[in-house]
Structure formats: structure tokens, C-alpha cells
Amino acid sequence: MDDDWVDMDSFTPPFLTESLEMAMEVEKENSKPSCFSCVFDNQNGGRSFSSESYLASGSLKRVLLRLDPSPNDYEEDIVEMFGFQWVTETALVESCGLLFGLLRQQIYRLEDLAQMSSSDFSKFNLFHFTWADSIRQQCIEFLHYVKVFIFRYLEPPKAENDGMLHPYEELEAQLPSLLVEELHSLTLQIGHLYELPSSVLAAFTIQHQAKLFPPSWHLLHLHLDIHWLVLEILHVLGEKMMRQVVYANHFINLTGENLTSISLFESHCGNLIYDLISISINKYLKVRPSEALTSHHYPCTCIKELWILVIHLLDHRSKGSHTESFWSSVNINLKKVFEKPSNSDRMSGFETIQCKDPLSFSWWIITHLASLYQFDRNGNLDEKKESNWKFVEELLKKSIDAQSGVLEEQLRMHLQCCLTLCGLWDLNLSVTTILWDYYSKNLNSSFTVPWLGLKGLANISKNPLSMLELVKSCCCDQPIPALYNSSNSYLLFLCILARMMKEEAESSGVHPWKQVKGRIYSKFHRKRMQELTEVGLQNFFNLFLLLATVAETEDIVSRVLDLLDFLTPSSVTVSQRALIWRGQFAFLLIYVEKNMDISVLAEKLANAFREKAKEFLVTKNDYTQKQNLWTLLSTYIDGVQEVFETSCDLNLSQEKLLNDGFTMLLPACRGAELSLVLNFLQVVLARLRSAHGRAGPGPAPLPPAAGNEHHLAVAAALWRNCFPFLKSQRMAQAPPGPQLADTAAGFTLLALDMPSKALSELQPQPVLSMLQLFGWDDMVWPQLVSRYLSHLIPNSELHEAVSSMGYPSYEALTVRSWFRCVLQMFLDHPTGALAKTDAERTVGKVYMEQLSELTRLVFKLKEVENILSKAHLEEPFSKQDPKNALVQFIKAVGKTYSGLQTLPEKSAMVAKALEYLGDVLKYVKPYLKVKGPPEGLQLTYWIIGCLVKFWAPILATSRAQQLLFRIIDCLLLPHSVLQQDKELPGAWLSALQESLPLYLQGLSFICCQPLNQGPYLNQLLGNIIQQYFGRFLPSSPSAPAVGLHPVAVALIFQKDILQMVSSRALCESCDFSLTVKKISTDILQYVVEGCQAGAGGEHAAQLTAVFRQFIQDYAALYDQRVFSILETVAVLDQALVACLIPTITECLKDSEHKQGLGRNSAQREAYKRLLSHLAEAGQNEIQKLENETD
């Protein structure tokens, strides 16, 4: 049984299926008759039309399916119409004329109400509004009754019967003819829609959300109902009469004019379409070309619905007979818009509305009507397509006809409409043929709209990617209304061409390119190519880039290259040549996008680049020629960069673009030119490393895959053609730009990823060689080093790779470079007092920011973190400036060394510290050589002073003493200092004066250590104090002292008692200058206090010996002053001076003896004053002196 079962649904005719569906929905139907309504409520269910509409209610569908127009209505025996009761089954036969007369009477009443309301609206109330609504409903119900009566009760025509007919049958037989006459009379009464008074037509603008509507609104919509219902009734009558022609016999006999059901339908339908077009013309008068697609052609949804009803009815009728389709009827009426009205037409009033721009209007109305085809018989969106290409082709020919005088702003709108139609209809290649015939002759036009301003200007693409993106935008679906401002008419043509190419190929399987390429190619020849301007070349490339995107890429590119060969160098300007290069690179981008090998086109471009780079190198004094060449070369650089940026995997012969032209270009570049090329190299390096990383990361040997071979070829080209210049610039005379460091870092990482392709001079360990060249070499500019290392320090793979090579000094050498970068931060500052320019300030600020970043990264190195941890320094160094951070690091190293216990640990730490330091005096030599700039000198003396102070235990070791002696010779006791008659630079003295306490404190510690060179160091320290004690005194006795003397400052922090310091202070205390005396007194005070604070008696004995020697040397010559000084010391330390009493007394007597004058009463009185401060020991000595006899 299963085998015999057949799915009968598949054999059910579509009309029958729809009829069954309609029958099942009968119970759901609303008994209220269908009508035009633009009133929407919240329960509309998101439909496009009111539930009462002819579409949503199913009225149209029932008529087309030959179903009962109103299955739930007129089922009673009696029907009420116009306030009277009628027999349902016979009323129309028996009283046809009377009923239509009552209909006309009601129409007149409604017209009177509308006229009265327009003249004096204040007299109207709710009753008049409801009355107008009631009149309209009565008229609609009657016309629906006529439609139902014809369907249910009118008998179809019978064969001729010679027998006698019943009177009713005679009346019934005459009914079709009477209906035609009455309907004709009704159409004459209501006339044309556009002939309605302006007060009635204004009802279109009433808000649809209103609850009550004026009589004018009801009258206007009743006219719409009558126009449509007349067509429905005539259609139903024709179907009932089995499509036989119904003649209006009485009318024909009276007038002699022919009137039939068919002629009435056609004339009324034609008039209605013309009326609707006239309404649309009035709407179009307010539409701007840029808003054409967003401005609808109907004033309210009722007109929209009426258009859709006419579309379905006419197309339905045309399928079953040879009647005109909807588009045919529209085309006929639109042709009338183009025609100038004749005198007879003016007298008949047929064409009372004229259109100023019939061509644009026709495009506009056709496009909007085409969109209405998307609505099905129920008013829902559908995918139905019914094209009108033949008429549109005629419009297109008029649009591009020079005699039509169509402006660019109009043409844009026309092509917007055409593009919209391409999306609504099946495609038509004839459209592209027509348009290409026009645009091929106008390629040099910019297609601009003057009043659009900058948006309307011709756009010459600035780079290959923008050229490609422009044509790709033509290939993708985008909001067409927005294209008016963003695209000119030529680009709209390209959009149409792209849509044709893509969709035609998808639908038919035969690529349309084969059908049109002959027409396109034939328009280009040598003469035509040489006539192209820059704009013309842009349009040329836009066309072929689009075709290469959607059609046969290689064939099209080959043809383009052949066409470009027609252009001789002498006939092409620089800007045109640059555009040609951009266009060729855009083709390369298409190749890359389609994963096609680029070698042929790449070599052609690269060869041209080589020639221009050579010219650029040898051109010296011709600035204009240099600029022209750079225009081309920068175009090439941008193009290659975009090829690499858009390439997913560099396996399409991209290396062909990196030829030896770069060996000539790079040395010839200056300033911004070099920055551009170096930025380009960074992009290429990054893209190569990224692509290679996906193929197989790490320095291990790679499998011989095609992709990896291409990667190695790109790497080899970069090393061979670009790196030698990079290497030569690291020691340039002026600080290099940041791009050089960035590029060098990129090459270093490339050496890490693909070491085998690095130059032979960098082998066998290219990574270490690169680090030595750009990161650790003391001769490289610090600006380059700091930025270079900032790129590499965070790279853990690099760190691991260097460690795996058995090279343990990576971090130490990095710290050394940082140390140098901080010391040389003022290296490029002028030594004079000239004010800095804004550019110099900016460069300095940038370098300081870079140095701060390097400082932050250095403090993250494991060695540095370990030192800081051992020194228990947890301060966030990254937030400090580099100078302070370096000082903290120096402190941390010194503190860590002091905490070590064993000799091997200390020895290793000394070696590591010296490795961190490097040849520090070499770093600061530029400052010392020119004695400037002041900032550099201050930094030098301060940082190295901190080294001497905080690394004193390290510098005291035999391994570091040589460095200490060099520091003293270069910074503290240079040859110029020893020349007493030579004036020293103020900036140098100022820097030394601020930092001298650091040196004195460090050296005093070192001198106290048991060293082989101890006596020599003591001698050097004495020389330092001797040299600078006097140099830092005020210039004159009257000059005020600025702050503490540096020796005094040193002694504040250094508690060790230094014999040479105190001796010098005692000597200077004897000076007659009050200022010198004050400074010397202060120093003595610090010396004495230091002695008191020290532990043990060694310092006290040393100080006592100093005072004893001082008394012996100066007491005889400066007796009063010596006693005064000792009085001051006695205030600080009585015991110290008390120990000196025997020496003072002995010196006093020796002095008296030498003078031979007996006792010196003045000296003795001064001595007694001193003794009075020495308590009991002093009193005892006074007593002894008084008891002495001669």
C-alpha cells in the first residue's frame, strides 16, 4: 500500500490551494467592508497596511482567486442600503439605476460637507464628522454589494433562446450593460484625483493617528475607494461573463461612441495610473536629488496600497489574456510626461500638471514602483521580481545623451535608481554596455558637483590600499542612498558593473566578463591611453581594479600592463607616474588577497624603483628633481609596506620587492625621508617575524617548506640591502632619530628568529654581535642605545637565547650601557649659554622619557633586583628620574658589598661592580674636554662623587685602586688645577664645589684602610684640601659666604679626624680676614666635635699633636691670635687645651728669651685669659706664672 500512496499536494494547482486557504479563513473575516485607511492602531501586528485595507483583509486575494468577495456579508434576504431595505437577491436587477442614483446623491452630500467644512470649519461639530463617515461607509457598502451580487446572483450568458423570457430574466440580461453604463457615469462624476479641490487634497497631510477626520478626508478616501472598486467590479463582471465583452448598448445608441466593459476598464485604469503619477509629480517637486531614494512617491499609505492593488490586478489580467501589464501601462503614461501637451490636451484638461525634470522623475517613480513589487496580495513582503528593463534602457540612453543636458547631480540620482533596480530585478548586461559607451568617452572627467563642496571634488587616491578599498566598496552591498554624496556617477557605474559581474555569474554559471571584456578592451589604444589625464588614469585604474577583483585577475592585469606600456616617460608627469605605481601596487594587493604569486608584477615595479633610487642617489643640487624622485620613491615604499601589511603569509614572492635599490636609497635619505624608510623597515621586519613565527618559531632549523623558503629570502634581502646602512649610522656625527634604534632592535630579533640569514660578519652568534654593535658599544650615541635596549630587555626569548649561548654578562653589560646613558644624558647639549629652541627641548624631553623607561626596565633585571633585595631598598625606582635611580643603584651596590663576609664573595662583587661601571671616565671625557655643558659637569661630579663615597670599600681594594687614582687625576687634581696662575672655568668649579664633600668623605675612609698605597693617598688627599680650601673662599673679605665650605660639609658627615684638614684650618684661622676666620673656626668646631664623637683615643692624640705643632709654629708670630683660637677650642673641649698648657708655657718663655726684653706682659695677659677658661689646671698654671721670679 505504501508504494501506491501518492502525495496529492504536489498535484494541487496553486490557485486551488489558495482558494482552500481562503475558505478556511472565512470564519475569521471581519464583516466590515474593506476600504482605504491610513489609520493604524497598536494591534496592527506590525503590518504595512491597516487591517481594513484591501490587501490585509484579503479582498484583493479573493477577487483574483474568483472567490466570494464577502463570504460573511449579504446573507440575509433583506439588505439595507442608503436608508432603505432591499431584497438582497434582486435589488440590483430591479433597481440598478435607482441605487446608483442614490450613490451619486450621497457623494454630492459628502462633497457639500467637505466644501462647507473648508469654508467655515468652526460651525462643524462631532455630528458632521460622524455623518461624513456614515456617508462614506454607505457608498462603500453599496459598491461591495454590487461586487457580491455579480459574483453570487448574476447568471452567466446563455446560448440564444428563441423562447419567451420572464420579465426578470429580461432585466437580468440587461444588467451587465446597465452596470457598464452606470460605472461609466460614476467615473465621470468623480473625475480625476488631481482635479479635486486643494482643500480636499490637503487631507493627505492629516496625521494618521487622529481619531476623528474631517469630511474632506472621508471624501478623498471615498474617491480612492470608488476608483479601485470600479476596477474590481469590472474585473469580477468580466470573470462572471466568462471574459465576454459587455457592451453599453443604451449609451452606444445615444452617443454613437463605443463603450464596453473592457474599454471602460482600460480607460479608467489608465486614468487612475495617470492620476497617481500626477500625485507623485507633486510629491517629487519637493524632493532633492540626494534624497530621491529616501523620499517616497506617495503622500499616504492609501496611495501606496492603491499602487500595489493596481500592480497585482493588471499583472494578473495580463497573464490570462493579451491585456497590458502594469509596467506597460505605467510606461505609456510616463511617455506622456515627456511629451509637450497639445492644444487639444490643454482644452481637455488631460495634462494639467507638468514636470520640470521628467527624466529624473521617471527614474524616481520607476524605482519606487519596482520596490512595491515586493508586496504580495496580502500586503506582506515577498521576493517577487518583475522587471521593466526595456523602458529603463531608454531612460538610461536619455540620461547619458549629451543633448539632454543632464548634470552630474542628476546623473548620480539616475544611477542610484539604476543600481537599486539591479537589486530588485534580474540583471541586464545591456545596462553596463550603454553606460560604458558613455564613460569610456569621459574618463578624464572628474564627475564633480560644485555645490557639494569638498565632497564633490575628484578624489585621487593617496595610496594603493585606498584605491583598492574604493573599488571593493563598489563590489559590496552598501546603503545606496548614502552613495550620492560619497560616490560620483562613475563610481556608481562601477557599482552597477560589479553587481552585474557577480550576480550574473552566480545565476547563470557563465561569467559575464567574457561577454563584456571585448567592449571594454576595445576602447583603449595607444592614442586613448596618452590622452588620459591624472583623473583619467585614476578612473582607468578604478575600472580595471574592480574587474580584477571580480573577474579574471591575471588576464586583466596583463592587459593593463600592456596598455600602460603605451605611455612614454616623456608624456607622463611625476604625479601621473606615482599614480601608475599606486595602481600597480593595488593590483599586487589583489594578488595577495587571492593568494596568487606576485613575482612578475613585483619585479617590474622593483626594477623601476631601482632606477629611480639610483637617480636619487646621484642627484645632488637639483632640489626640484630630488623632490620629484622622492615622490615616486615614497610611493614605492608605501606600496611595499601595504603589500607586507596585508599579506597573511609571506609566501608569494614578496622578497622581490626588497631589491638592491634600497642600498642606494638609504644613504641618500635625510631627515623625514629616512624616518619614512626606517618606519617601513620596522613594519616589514615585524610582519616577517610574525609570519615566520606562525610557520615555526624559534632559532631551530626550519623544514624546507615553500613558505619558510620565502621567509628566508625576505630575511636575506633585508640583511643584504638594508642592514649595512643601519650599521653605518650608529656612530653618526649627530644623534640619530628613534627609528634607527627601533629598526636595529627589529634586526636583532630577526637574528634571533632566523640566525642563518644574518650577514657573515655577524656570525656565528649574530644576536650577540647585534647587541655589541647597538647596545654595548661605548662609542654609540646614548639616545640610540637607550631606545634600542628598551625594546630588547623585556624580550624573555632573547634573554634565554643569550644565556643558552654561554654568555653570562648580558645583564651586566646592559647595566653598564644604562650607566653610560645616564651619565651622557647632556652629551648633545651646547656648552655655551645659548637658549634652547623648542625643537631641542622636545628632543631632550623625549630622550628623558626614553631614559626613564630604560631605567624602569633595568631595575627589573634579575641581577639588579637581587642587589636591591640584599641592600633592602624597596623604594619604587621606576617613578624616580634616571639620575636619582642611578645614585640609589650605586648605594645598593656599596651596601651589598659591605654586607658580604667572605673574601671570594667580595672579590666577585668587586669584579661585577667594575663590570657594571666600565670605563666611566671615558663616558664623561666629552664634558671634561670642553668644560661643559654645566648640567653635564654637575652630573659627572655628582655621580662619580657618589661612587667614591658609597663604593669607598670597593675602591679601596687593589683591583679598583687604579680607577680611584684615575678619578683623582682626571676630576680632582687635573693638570689645570695645579697651575696656580690659571683661572679655572666657573661651571667646572661650581660642579666640583657641590660634589667635593662626597669625594672627601670617600677618600677619608679609604685613607684609613691598611693599604700599600696609603701614604700616597694621604698625600693626594692633602693636596686636594690644600688646592680647594683656598679656592672656595669668598673672593674678598666683604663678599658674603654662600653656604658651608665644602671641606666643612665633608666633615659634617665624616667623623674621621684628618690631620691635614685640621692643620689647614688652624693656619687659615690666623688669617686677618673675618670671613676666613669664621670658616676656619667652623671647621675646627667640626673637627673637635668629630673627635669627641669618635671612639677610642687615637683621634684625640692625633688632634693634640696637630695643636701642639700649630702652637710651636705660630705662637711666637701670632701670639694674640693663637691664644684667641685656643680660647675658642677651650669652649669646645677644655681637656684638649689643658693638655697643651706645658707646650704653650714653653713657647711663651722661649719667645721672651729670644726677644731678650724680659717678661712680655701683653703675651702673659693674653695667656692668662686663655688659662682662665681651663678650670683648675688653668688656675694652677696662672699661680705658677705669678710665683715665678726673674
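About the cut-offs
- Residues numbered from 1 in each chain as written.
- Predicted model: local features only at pLDDT ≥ 70, side-chain atom pairs only at ≥ 80, totals over all residues.
- Heavy atoms only, no water.
- Helix = DSSP H or I, 4+ residues; strand = E, 2+ residues; numbered from the N terminus.
- Expected span 1.5 Å × (residues − 1).
- Buried < 20%, exposed > 50% of the residue type's maximum accessible area, 1.4 Å probe, protein only.
- Core = buried A, V, L, I, M, F, W, Y, C linked by side-chain atoms within 4.5 Å.
- Contact = heavy atoms within 4.5 Å.
- Pairing = 2+ DSSP bridges.
- Axes fitted to C-alpha atoms, helices over the stretch in contact; angles between N-to-C directions.
- Parallel < 35°, antiparallel > 145°, perpendicular 65-115°, else oblique.
- Left-handed = near helix turned anticlockwise from the far one by under 90°.
- Nonpolar A, V, L, I, M, F, W, Y, C, P; charged D, E, K, R; others polar.
- 1 Å grid on protein atoms, 1.4 Å probe; cavity = no way out; pocket = protein on both sides within 12 Å on 5 of 7 lines; lining within 4 Å.
- Points joined across faces, edges and corners; volume = space filled by probe spheres on them.

Caption draft 1: Region of the structure containing helix H16 (residues 408-424). Counted at 1.5 Å a residue, the expected span for H16 with its 17 residues is 24 Å, and the 24 Å between its end C-alpha atoms agrees. Burial analysis of H16 places 15 of its 17 residues in the buried class, which makes it a mostly covered element.

Caption draft 2: Broad picture of the nonpolar core. The biggest cluster of nonpolar side chains holds 357 residues, and the ones touching the most others in it are Leu92, Phe142, Ile366, Phe544, Leu665, Leu718 and Tyr788. Sorting elements by how many residues they give to this core places helix H8 (residues 215-240) first, with 14 residues. Setting aside its immediate chain neighbours within four residues, Ile366 contacts Trp327, Val330, Asn331, Leu334, Asn388, Phe391, Val392, Leu395, Leu421 and Trp425. Within the second largest apolar cluster, 26 residues are counted, among which are Val1088, Val1137, Ile1141 and Ile1182.

Caption draft 3: Broad picture of the pairing of strand S2 (residues 84-87). In this sheet, S2 lies alongside strand S1 (residues 78-81) in antiparallel orientation, the contact comprising four bridges. Following the sheet pairing, Val79 is matched in S2 by Trp86. In sequence, S1 turns back onto S2 through a hairpin of two residues, with Phe82 there showing a positive phi of about 55°.

Caption draft 4: Summary view of the packing of helix H10 (residues 261-284) against helix H12 (residues 326-338). Across the interface, H10 lies against H12 with an axial gap of 10 Å and an inter-helix angle of 55°. Taken together, the axis directions place H10 and H12 in an arrangement best described as oblique. Crossing handedness for the pair H10 and H12: right-handed. Contact with H10, carried on its side by Gly270, Ile273, Tyr274, Ile277 and Ile281, involves Ser329, Val330, Asn333, Leu334 and Val337 of H12 and no other residues of that element. Residues belonging to the contact of H10 with H12 are distributed by class as follows: seven nonpolar, three polar and no charged.

Caption draft 5: Looking closely at empty space enclosed by the protein. In this structure the tally under the stated criterion is eight cavities of 30 Å³ or more. Of the volumes computed, that of the second largest cavity is approximately 90 Å³. Together, Leu419, Cys474, Cys475, Cys476, Asp477, Gln478, Ile480, Leu483, Cys495, Arg499 and Lys502 line the second largest cavity. Within the residue set of the lining of the second largest cavity, elements represented by two or more residues are helix H18 (464-475) and helix H20 (489-508). Considering every element that reaches the lining of the second largest cavity, the biggest residue donor is H20, with three residues.

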